[in-house]
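Fold and geometry: a report
So the chains spell out like this:
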Amino acid sequence: MLDGWFLWFILFWVVFLAGMLGIGGFFMFRKFLKRLPKEDGKSDLDWEDYYIQQTRHLWDSRQKELLEDLVEPVPELFRDVARAKIAGKIGEMALKENAERITQDLVIRGYITATPKRDHKFLLKRLKEKEIDHTPYRALF
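This text gives an overview of the structure that appears in the document. (Residues numbered from 1 in each chain as written. Predicted model: local features only at pLDDT ≥ 70, side-chain atom pairs only at ≥ 80, totals over all residues. Heavy atoms only, no water.)

**Considering the packing of aromatic side chains**
In this description, a pair of aromatic rings is defined by centroid distance and the angle of the planes. Inspection of every chain in the model, using the stated rule, returns 11 aromatic pairs. Note on F12 and W13: the rings are 5.4 Å apart at their centroids and 75 degrees apart in plane angle, and the pair reads as edge-to-face. Taking the relative accessible area as the measure of exposure, W13 reaches 35% and is therefore partly exposed. With 5.3 Å between their ring centres and 75 degrees between their planes, F26 and F27 make a pair best called edge-to-face. Classification of F26 by relative accessible area gives partly exposed; the value is 46%. You can call F27 partly exposed: its relative accessible area is 39%. Against the face of W47 rests K42, its NZ or CZ located 4.7 Å from the ring centre. Sitting above the plane of the Y50 ring, K42 keeps its charged end 4.8 Å from the centroid. (Phe/Tyr/Trp six-rings, centres within 6.5 Å; stacked < 30°, edge-to-face > 60°. Buried < 20%, exposed > 50% of the residue type's maximum accessible area, 1.4 Å probe, protein only. Lys NZ or Arg CZ within 6 Å of the ring centre and 35° of its normal.)

**Considerations on the environment of D60**
Relative to the helices and strands, D60 resides in the loop between helix 2 (44-55) and helix 3 (61-71). A relative accessible area of 25% places D60 in the partly exposed class. Here the alpha-carbon distance between D60 and A82, two residues 22 residues apart in the chain, equals 19 Å. Within the local environment of D60, its side chain forms a polar contact with the backbone nitrogen of Q63, the two atoms lying 3.0 Å apart. (Helix = DSSP H or I, 4+ residues; strand = E, 2+ residues; numbered from the N terminus. Polar contact = N/O pair within 3.5 Å; in protein donor to acceptor, adjacent residues only side chain to side chain.)

**Considering the layout of surface pockets**
Taken as a whole, the largest pocket spans an internal volume of roughly 830 Å³. Considering the residues around the largest pocket, the lining is formed by 25 residues, among which R30, K34, F78, V81 and A82 are closest to the centre. For the lining of the largest pocket, the leading source of residues is helix 4 (residues 76-96), giving 6 residues. By residue class, the composition of the lining of the largest pocket is 16 nonpolar, 1 polar and 8 charged. (1 Å grid on protein atoms, 1.4 Å probe; cavity = no way out; pocket = protein on both sides within 12 Å on 5 of 7 lines; lining within 4 Å. Points joined across faces, edges and corners; volume = space filled by probe spheres on them. Nonpolar A, V, L, I, M, F, W, Y, C, P; charged D, E, K, R; others polar.)

**Comments concerning the pattern of salt bridges**
Here the idea is simple: oppositely charged side chains can pair when their charged atoms come close. For the structure shown, the criterion picks out 9 salt bridges. E92 is the partner of K89 in a salt bridge, and the nearest nitrogen-oxygen pair spans 3.3 Å. Of this pair, K89 and E92 both sit in helix 4, 3 residues apart, roughly one helical turn. Residues K96 and E92 are paired through a salt bridge, measuring 3.0 Å at the closest nitrogen-oxygen approach. Within this pair, K96 and its partner E92 are both found in helix 4, separated by 4 residues, close to a single helical turn. (Salt bridge = Lys/Arg side-chain N within 4 Å of Asp/Glu carboxyl O.)

Quick look at the structure:
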């Protein structure tokens with residue numbers, strides 16, 4: 001009774017569900033590690049939130065639009081996380097440099113610093129589309 005296509009169907013679903021659970025568990029574990037407090041008592045996500053809150057008043061609409069354009073290639077499911085990570089890094093850099101406002105230069109440097117190297121090709125493509133010179137940032141790539 002349980003032979004042929006039905007066994008293959010069950011095998012497919014067992015492998016599929018195990019794979020999906022493994023992938024979901026991996027991402028949940030990564031989020032858990034980011035929530036763990038470091039030596040200073042704050043986690044990576046706590047610091048991100050701190051930098052965003054401290055520099056919220058420094059952002060103008062043009063720089064917010066630039067950040068939105070830069071994170072547009074990120075899949076929608078992960079876009080909020082990417083935006084927060086990049087904005088946190090930009091805020092950190094702005095505080096360290098005592099910036100009076102968030103500039104295009106800070107946004108681009110923060111994006112480069114906050115993202116993995118594999119995402120930099122998307123940044124270069126966006127900068128070319130927007131006709132922004134990327135040569136000052138070559139050392140950061």
